[in-house]
Amino acid sequence: MKILQLCRKFPYPLKDGESIAVTYLAKAYRSLGCELTLLSFNTIKHYFEVEKLPTSFDHYEQIETVYLDNYPEPIGAFLNLFSKKSYHITRFTVQEFADKLQRLLRANDFDFVQMESVYFAPYIPLIRRFSTAKIVMRAHNVEFEIWERVAKNTSLWPKKWYLNHLVKKLRRYEVEQLGNYDLLLAMTAKDLAYFRKLGFQGQGMVVPIGLQLDNYPIQQAVTFSTSISFIGSLDWVPNQEGLSWFIQEVWPDLRKKIPALELHIAGRNTPDWIFAKAGNGIVVHGEVSDAKAFLRKHPVTVVPLFSGSGMRVKILEGMALGRVVVTTTLGMEGIDALANESIVIANERTQFIDAISAVFKDAEKAKCMMQLARELVEREYNNQRIAALVFEAFEAL
C-alpha cells in the first residue's frame, strides 16, 4: 500500500501535538508494510533543516518540502476583506507546492493521499486529475471551530469583528469540502458528529492520536517536588489565552495557599510578554530540548484550555509519563478518561486551586491517579493499535 502524506508544517522535531500525531501514525503505517512519501510545507514559523534529520526518522521512502513564509501579511489580510476566499486557506495555496505534488502523482501509483489538514483541500482537483488514489482527510480538529472560540474569547471589538469575518469564510469553505473526501478521519467522536451535523455523509471514523509508548518510559519512583508545569506551543492563540488566564486568575491565590509552589512554563516561540511574567514562583524556560524530561520533573501539569478543537497531545504525553493532568472539559475532548480517576477536570478559578492543592495534600491518591493515567494511554492510545484500525479501513476502500 502506497501512501502520500501532505503536511502543513514539517513534522519534526516532535515538540508539538501536530508533529507527534503525524509522525507516530506514519511510523505505525510503515510497521504495517506501507510505503510512505511525505510532501510538506517547511514554514518560516516552524522551519527545520531536513538535512539534520536523525537516522531514526526513517519511515518515509521520499521526503519533499516547499518553503513557505506563513506569517500573516497586513496588506493581504486587509485585501482579503473584499474577497470571498478564506484567508486561512489562501495562505497555503502555493504554485510550487502544486507543481511538486503533480510531479509526485505522475511518478508514483499512490493508493491513498492523506491530507493532514483542510488547508490541502484546494489541491483535491489536481489529485483527482493526476491520480486514482483515494483521498483521506485527517481532521486534527474542526478548523473553523478553533477560530470561532478564539473570536468569542476576544474582548477587543475590532479584532473580534475581523476574526468573526474570517471564521465565516473559513466555515463556509470547510463545509463545502466535506463531500470531496473518500474517507474522513476525525480525532474525536465529537468532531465526527459535528462534521455529520454540518452535512458530511461519507465514510468516516474516529482515529485518536496514538503514542509510541516505548518513547515514554514510566518513572518507578515519583518525587513530589512542589512544582507544576505548563508546556505547549506558545505561538498558538488558545494556549496563550489559557496560560494568561491561569497566571492572572489562579496563580496569585494558589501560591498563597501553597507558598513554596513553583509554576514552570515551557513552549516553542514563547512571546516576550510571557517571559515578562517570570517571578513570584513563575519560571519561564522558553523552548526546552526535551519535553518529556521537562514533564517528568513536575508531578502536576496544567492545561487551562478554553478555546480550540481536537485532541491535546500534551495531555496524552503527561498521562503516559504518569503525571497528574489538570485540565478543562474542553481540554479533555477526545480523551476517554474518567474525571478525578485518571485526569482532573477544572473549569473555574476555584476548581483549579482546589484540584492542584488536593494533589499535594494526598500524595498516595495522586500516585494512584498517575498509574491509572498510564494504563489508560497504554490501553486506548497506542499508535500500533490505532494504525491497525485505519489500515483495515484503507483495505476496505
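It should be emphasised that the depicted structure is a prediction, and the values quoted were computed from it without experimental measurement. (Residues numbered from 1 in each chain as written. Predicted model: local features only at pLDDT ≥ 70, side-chain atom pairs only at ≥ 80, totals over all residues. Heavy atoms only, no water.)

## Notes on the overall build of the protein chain
In terms of regular secondary structure, the protein chain is built from 15 helices and 13 strands. The C-alpha radius of gyration of the protein chain comes to 21 Å, within 12% of the 21 Å expected for a compact globule of 397 residues. Referenced to the eigenvectors of the C-alpha coordinate spread, the extents of the protein chain come out at roughly 65 × 50 × 40 Å. Split into buried and exposed, the 397 residues of the protein chain put 55% on the buried side. Total accessible area computed for the protein chain in this model is approximately 17,100 Å², and 51% of it derives from carbon and sulfur atoms. Looking at the protein chain, you have 47 positive and 44 negative side-chain charges, and the mean spots of the two groups are 4 Å apart. (Helix = DSSP H or I, 4+ residues; strand = E, 2+ residues; numbered from the N terminus. Rg over C-alpha atoms; globule rule 2.2 N^0.38 Å. Buried < 20%, exposed > 50% of the residue type's maximum accessible area, 1.4 Å probe, protein only. Areas by Shrake-Rupley, 256 points an atom, 1.4 Å probe, with all protein chains shown as cover. Lys, Arg positive; Asp, Glu negative; His and termini not counted. Charge placed at Lys NZ, Arg CZ, Asp CG, Glu CD.)

## Considerations on the pairing of strand β10 (residues 282–286)
Across the two faces of β10 the burial differs, with Ile-282, Val-284 and Gly-286 buried and Val-283 and His-285 not buried at all. The pairing of strand β9 (residues 262–266) with β10 spans four bridges and is classified as parallel. Bridge pairing in β10 links His-264 to Val-283. (Pairing = 2+ DSSP bridges.)

## Examining the pattern of salt bridges
Oppositely charged side chains can form a pair if their charged atoms are brought close together. The final tally for this structure, using the stated rule, is 23 salt bridges. The residue Glu-287 makes a salt bridge to Lys-15 at a minimum N-O spacing of 3.0 Å. Of this pair, Glu-287 sits in the loop between β10 and α11 (291–296) while Lys-15 sits in the loop between β1 (2–7) and α1 (17–31), and the two are 272 residues apart along the sequence. The exposure class assigned to Glu-287 is partly exposed, which follows from its relative accessible area of 43%. Exposure remark for Lys-15: the relative accessible area of 23% places this residue in the partly exposed category. Linking Glu-148 and Arg-171 is a salt bridge whose minimum nitrogen-to-oxygen distance equals 3.8 Å. One end of the pair, Glu-148, is in helix α6 (residues 143–152); the other, Arg-171, is in helix α7 (residues 157–176), and 23 residues separate them in sequence. Residues joined in a network through salt bridges with shared partners are Lys-9, Lys-15, Asp-16, Arg-268 and Glu-287. (Salt bridge = Lys/Arg side-chain N within 4 Å of Asp/Glu carboxyl O.)

## A look at the packing of α1 against helix α15 (residues 383–396)
It is the contact of α1 with α15, at a shortest axis distance of 9 Å, that shows an interaxial angle of 65°. Between α1 and α15, the angle falls in the class roughly perpendicular. Our pair here, α1 against α15, has a crossing hand that is right-handed. Contacts from Tyr-24, Leu-25, Ala-28, Tyr-29 and Ser-31 of α1 reach α15 at Asn-383, Gln-384, Ala-387, Val-390 and Phe-394. (Axes fitted to C-alpha atoms, helices over the stretch in contact; angles between N-to-C directions. Parallel < 35°, antiparallel > 145°, perpendicular 65-115°, else oblique. Left-handed = near helix turned anticlockwise from the far one by under 90°. Contact = heavy atoms within 4.5 Å.)

## Some words on unusual backbone geometry
A cis amide bond links Tyr-12 to the next residue, Pro-13, at an omega of 0°. Counting through the fold element by element, Pro-13 comes out in the loop between β1 and α1. In this structure, Asn-269 takes a positive phi of about 55° despite not being glycine. Residue position: Asn-269 is located in the loop between β9 and α10 (272–275). Overall, Asn-269 belongs to the partly exposed group, its relative accessible area being 35%. For Asn-280, which is not glycine, the phi torsion reads 55° and is therefore positive. Looking at the secondary structure, you find Asn-280 in the loop between α10 and β10.

## A short note on the sheet that holds β1
Taken in spatial order, the seven strands line up as β3-β2-β1-β4-β5-β6-β7 in an open sheet, and their pairing is parallel. On the outer flanks of this sheet lie β3 (62–68) and β7 (204–206), each paired with one strand and no other. Adjacent strand axes in the sheet meet at a mean angle of 20° when their direction is disregarded. Direction of pairing for β1 relative to strand β2 (residues 35–43): parallel, over a ladder of six bridges.

## Quick look at the sheet that holds strand β8 (residues 227–231)
Strands sit in the order β10-β9-β8-β11-β12-β13 across an open sheet of six strands; the sheet is parallel. Only two strands of the sheet have a single partner each, and these edge strands are β10 and β13 (344–345). For β8 and β9, the ladder comprises five bridges, and the chain directions are parallel. Following the sheet pairing, Ser-229 is matched in β9 by His-264.

## Quick notes on the nonpolar core
One finds Leu-6, Met-115 and Tyr-181 to be the most contacted residues of the largest nonpolar core, which totals 43 residues. Among the elements that line this core, the one with the most residues is helix α4 (residues 95–107), at five residues. With near-sequence residues (within four places) excluded, Leu-6 lies in contact with Leu-39, Phe-97, Leu-101, Val-113, Gln-114, Met-115, Glu-116, Phe-120 and Ile-127. Within the second largest apolar cluster, 32 residues are counted, among which are Leu-213, Tyr-216, Ala-266 and Leu-321. (Core = buried A, V, L, I, M, F, W, Y, C linked by side-chain atoms within 4.5 Å.)

## With respect to helix α9 (residues 237–257)
Note that an α-helix has 3.6 residues per turn; residues three or four places apart therefore point the same way. Taking 1.5 Å per residue as the helical rise, α9 with its 21 residues ought to reach 30 Å, and the 29 Å between its terminal C-alpha atoms agrees with that figure. At Val-250, α9 is bent by approximately 50°, the largest bend along its length, and proline Pro-252 sits one to four residues beyond. Turning to α9, its buried residues number three or more, namely Pro-238, Asn-239, Gly-242, Leu-243, Ser-244, Phe-246, Ile-247, Val-250, Trp-251, Leu-254 and Arg-255. (Expected span 1.5 Å × (residues − 1). Bend = angle between axes of the 7 residues up to and from the residue.)

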